[in-house]
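Summary of structural features
Each chain, letter by letter, is given below.
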Amino acid sequence: MKYEIAKGVSLTTIPTTKFKNSKILINFTFPAQHENYAKLALLAELLENCSAKYNSELLVSRQLSRMYGASFGVTVLRYGNQHTLQVSITFPSDKYLPAKSQLTSEVLNFLQEMIEDPFVDGQQFDQAYFRIHQSNMINYLDSIQDNKGFFSTLQLQQLYYANDPDHGNFLMGTPQEMSHIDSKSLFNFYHQVLFQAKISILIGGDLDEKLVADGFQHFQSFSDRIPQVYELKVKPRPVDDVQRAAKDIEGSQSVLSIAYELPIYFGDDEYFPAVIFNQLFGGSSRSLLFTNVREKHSLAYDIHSSYNSLVGMDTVQAGIDYANEDQVTEMVADQLTQLIDGQYSDELLDGVKQALVNQHRSEVDHLGSLIEKQYIQQIMGFSLSDSQWEDKVEAVTRKQISEVAKRMSLRAIFQLNSRGH
Amino acid sequence: MELIDYPNYNEKLFVQTLSNGLTVYLQPKAGFNKTTAVLGVNYGSIDSQFLLNGEKVIQPAGIAHFLEHKMFDKKDYDVFELFNKTGARSNAFTSFTKTNYLFSTAESFKDNLDILLDFVQIPYFTQEKVEREKGIIDQEINMYKNDPDNQAYFETIASLYPNSVLSEDIAGDVASVGKITLADVELAYKTFYRPENMSLFITGKLDPSETLRWIEDNQAGKQVPKPVRVKRLVELPSTGDETIQQSKMDVSRPKVTLGLRGNDQVPTGREGLKYEIALSVMFDLFLSENSVEYDKLYHDEIIDDSFSWEFENERGFHFAVISCDTAKPRELIKRLKQIIADIPEKIDSLSDEFQLQKNELFGNYIEMMDSEEAISGQFDGFIGEPVTIYDEVEILKSMTLADVSAIANDFLSRVTVQEVLIQNR
């Protein structure tokens, strides 16, 4: 069911009695612009940790315990060109709680408090509160380099979108950007988000729909708005050469990251062939990269590829010895050629299709996946029934996969080099 | 089949020990599409030294993890190929005391069940295959060594349990893995991969009697291995004098851990779970975001969201590791030690806080009940009696602050402590 709470504020319900818990997601969305990245990330942090009534992290935490350990979080996400502030909460159904529990109402009150009544001092966030979270965020951003795989992924993204910070920059901004935000300007930004962003609420579980819909009607800020219309799919600017960069580290392993442009998007005719192509390339434990680089040549433990159908990109990452970098780079290219030439067994292809169908049928056992799937279909304006979805998978041919593989164009390579290894 | 009913949560557990010694646990989930099965072997990285029929055997560190990798590699195929045909997901993990093999699937459950039982129970090892695996495992070891958080964690355990099997990484190191031979792998398999040393836990979409029949049919086709006498030799010498063990890596801020080794006796079975839950509650009361102690450390800017703690209770040992990135490592260590020292004196006055913590944990258990991964992951088939999350939640409900206080005092009165500090080069 879909309800309109106000213009530009929708509520979608996914009723099911299968689970013992319920989940609410509230997405505030607008076009992605890098100037906002650090601001929205810090705003998420400030909305998550305190409010006017619960004016310390301790009080928020204890209120969540009172609500039977409800998992509450505020995060930032990017769906293609869509910048998103996501508020989520998962909580047990009253049926399993002591008699007379009315947790849904309590949860709605809590959400309203956290979203609409933040911890402020006049027209800015409380100074001490603001400063400590700003400093924690800076520390977090600085610590990303400790995680070699993630650090490499971010560097690769920057290379891929050279001179395009809206897409190349990390979603949470840089330490410098974070340190330049002040409490007052962030408070203004908060109002912009609250009153101008498109709001999509999704709820799943065994919930009283009317109670929830009425509850959101009481959110004073969820008033009429005219959300911007924009293209969600990211089309990267053309580049002349492959972008390359490398960084030396003292570590025990080198990380090789490679990005290809694959201009096929969610909902396109070639979408299903592209998904299957990626599974064959490096997306599964039977993929060509896994089988040949890892199992046959013992060159890596972790090697995988990922396909992002909102931005039209396919990336490969592998943890390897520095001495083998050229060999592995060559082998990655070879596997792609093999896919163009159709050098893989029917058995492998059938298995990959079977695995996608199997995973698709398994998804309905996770409330979170059910809601996420519903949301993606909603924003992309593309949805299929389960049987249509499976038919599309089954219908993918070798020729289509070969065509997809041909459209892969190498765009960026980032090497994190540990020369001792 | 023995039936254990959990009417409060509309759940049931079926238990049967087969004639070959394998114990089977079946926990159907109504309305679910997917089935998850975990075949556990009561054998982990600490079991590298043992007496086999009276004779002492010492194997290279990392042998259990090595064996886990090798189980997937058959004469002319890889087990992933078999799972791939049905589209199931499969994986395996080795810990200090266990090796778990698992799959999950929404299709062809019986076929996958046979694949799981057959690939773990019918080995195929050759010299060449043993050698080829070493390169892959070296990369796995190097991947973990590249991660400073992982390093800090294992260095802490090593300093709590010096000169013991616990001071080795689960995967061993490149040198010890290099020493593993075909004979080592065969001997380890023969000694520990025995039906009576395994448990099979299945949850999700399943029919209990049909599933049990399939398992019995599968097992009937296999020879029961000849009995052996195995005595595990897990020597855990005392912790040395408390030190801050320091090392250098590329890190943005210093990483600190405080390790707490339990030297008290933990009961087995349900009582052991009670002990674990009680100690978790104790740590929550003093170190979770609900505690005034955490709040103070946070606002004094000694800790931030990188702060975490975990408590492990395994066969023969138990410890906690508290860790955080901080610009003030020595101050943090000093303050944490004071917080821990004050627990016995303060804990009895925290009855409101205790109720709140129980409330939260209760909700967390309800949340886990929707996840096959959590239900199967939380289950330990080797503690003498079946204890599922539905039992754990009942243990929690009946727990009193006095219970927590008594267990906390037992643990803290004999605890030994070590610290690790990783700083930037």
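Conventions and cut-offs
Residues numbered from 1 in each chain as written. Chains lettered and ligands numbered in written order. Predicted model: local features only at pLDDT ≥ 70, side-chain atom pairs only at ≥ 80, totals over all residues. Heavy atoms only, no water. UniProt positions renumbered as here; feature names shortened; annotations may be inferred. Helix = DSSP H or I, 4+ residues; strand = E, 2+ residues; numbered from the N terminus. Core = buried A, V, L, I, M, F, W, Y, C linked by side-chain atoms within 4.5 Å. Buried < 20%, exposed > 50% of the residue type's maximum accessible area, 1.4 Å probe, protein only. Contact = heavy atoms within 4.5 Å. Domains from an automatic or database assignment. Buried area = accessible area lost by both parts, 1.4 Å probe. Salt bridge = Lys/Arg side-chain N within 4 Å of Asp/Glu carboxyl O. Nonpolar A, V, L, I, M, F, W, Y, C, P; charged D, E, K, R; others polar. Pairing = 2+ DSSP bridges. Axes fitted to C-alpha atoms, helices over the stretch in contact; angles between N-to-C directions.

For the rest of this paragraph, the subject is the UniProt feature "domain: Peptidase M16 N-terminal" (unreviewed entry) in chain B. UniProt feature "domain: Peptidase M16 N-terminal" (unreviewed entry): in the numbering of this structure it lies at residues 61–156 of chain B. Helix makes up 60% of residues 61–156 of chain B and strand 14%, with an end-to-end C-alpha separation of 18 Å.

Attention now moves to the nonpolar core. Judged by nonpolar contacts, the single largest core of 149 residues is most densely connected at Ile24, Ile26, Phe28, Ile89, Ile201 and Phe216 of chain A. By residue number, the principal contributor to this core is helix α9 (residues 269–287) of chain B, which donates eleven residues. If we ignore the near neighbours within four places in the chain, the residues touching isoleucine 201 of chain A are Ile5, Val9, Ser10, Leu11, Thr12, Ile24, Leu25, Ile26, Phe216 and Phe222 of chain A. In terms of nonpolar packing, the next biggest core, distinct from the first, is built from 58 residues, Leu289, Ile320, Leu356 and Val393 of chain A among them.

All names here are of chain B. Each assigned domain of chain B is listed here: domain 1 (2–232) and domain 2 (244–424). Computed from C-alpha atoms alone, the centre-to-centre distance between domain 1 and domain 2 is 27 Å. Taken together, the contacts link 49 residues of domain 1 with 43 residues of domain 2. Between domain 1 and domain 2, the buried area comes to about 3,600 Å², and carbon and sulfur atoms account for 63% of it. For the domain 1 face of the interface with domain 2, the top three residues by lost area are Tyr9, Leu160 and Tyr161, together amounting to 19%. Where domain 1 meets domain 2, there are five salt bridges. Between arginine 315 and aspartate 47 there is a salt bridge; the shortest N-O distance is 2.9 Å. The greatest single-element share of the side of domain 1 that touches domain 2, amounting to ten residues, is contributed by helix α5 (residues 148–160). Grouping the constituent residues of the side of domain 1 that touches domain 2 by class yields 21 nonpolar, 17 polar and eleven charged.

Here we come to the sheet that holds strand β15 (residues 416–424) of chain B. Residue and element names in this part refer to chain B. The strand order across the open sheet built from five strands is β11-β15-β12-β14-β13, with neighbouring strands paired in mixed fashion. Two strands bound the open sheet, and with one partner strand each, they are β11 (244–249) and β13 (308–314). Pairs of neighbouring strands in the sheet enclose a mean axial angle of 15°, with direction left out of account. As judged from the six bridges shared by β11 and β15, these two strands associate in the parallel manner. Residue methionine 249 lies in a different strand from β15, and its bridge partner there is asparagine 424.

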